[in-house]
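Coordinate inspection notes
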Amino acid sequence: MAKLLYQGHGSYRITADDGRVLYVDPYAGEGYDKPADIVLITHEHSDHVKGLGVLARKYGVPVYSTRETLEE
């Protein structure tokens, strides 16, 4: 069964049974220690884009979002 970790401020980490990791709306806090396979930003708040920078630099992962979100 997949595991869900609430990371605060509407941010989650989902770990699939096969070990793949999905971060949803990264922001800050604990739980960013696993390498991400995918990052999903669901809405256009710039605070989640800041959290994305941490993950992108650390793991160089694919990011799925709207263009407008990434331009902020």
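Residues numbered from 1 in each chain as written. Predicted model: local features only at pLDDT ≥ 70, side-chain atom pairs only at ≥ 80, totals over all residues. Heavy atoms only, no water.

**Brief notes about the overall build of the chain**
- From N to C terminus, the chain includes 2 helices and 5 strands.
- The N-to-C order of helical and strand elements in the chain reads β-β-β-β-α-β-α.
- The 72 residues of the chain split such that 33% are buried.
- Residue pairs in contact within the chain that sit at least 24 positions apart in sequence constitute 27% of those at least 6 positions apart. (Helix = DSSP H or I, 4+ residues; strand = E, 2+ residues; numbered from the N terminus. Buried < 20%, exposed > 50% of the residue type's maximum accessible area, 1.4 Å probe, protein only. Contact = heavy atoms within 4.5 Å.)

**Quick word on unusual backbone geometry**
- Of note in this structure, His-9 is not a glycine but carries a positive phi near 55°.
- The residue His-9 is located in the loop between β1 (3-8) and β2 (11-15) in this model.
- One non-glycine residue with positive phi stands out, namely Asp-25, at about 50°.
- Structurally, Asp-25 can be placed in the loop between β3 (21-24) and β4 (38-40).

**Topic: the pairing of β1**
- With 5 bridges joining them, β1 and β2 adopt antiparallel strand pairing. Following the sheet pairing, Gly-8 is matched in β2 by Ser-11.
- The hairpin turn running from β1 into β2, its antiparallel successor, is 2 residues long, and His-9 in that turn takes a positive phi close to 55°. (Pairing = 2+ DSSP bridges.)

**Comments concerning a nonpolar patch on the surface**
- On the surface, a cluster of nonpolar side chains totalling about 340 Å² of accessible area is made up of Leu-4, Tyr-6 and Tyr-12.
- Within the element layout of this structure, Leu-4 appears in strand β1. (Patch = residues over 30% accessible without salt bridge, like charges linked within 9 Å, V, L, I, M, F, W, Y side chains within 5 Å. Areas by Shrake-Rupley, 256 points an atom, 1.4 Å probe, with all protein chains shown as cover. Salt bridge = Lys/Arg side-chain N within 4 Å of Asp/Glu carboxyl O.)

**Some words on the packing of aromatic side chains**
- Across all of its chains, the model carries 1 aromatic pair by this definition.
- Ring centres of Tyr-6 and Tyr-12 lie 5.3 Å apart, and the angle between their planes is 55°; on these two criteria the pair is classed as tilted.
- By relative accessible area, Tyr-12 is classed as partly exposed at 31%. (Phe/Tyr/Trp six-rings, centres within 6.5 Å; stacked < 30°, edge-to-face > 60°.)

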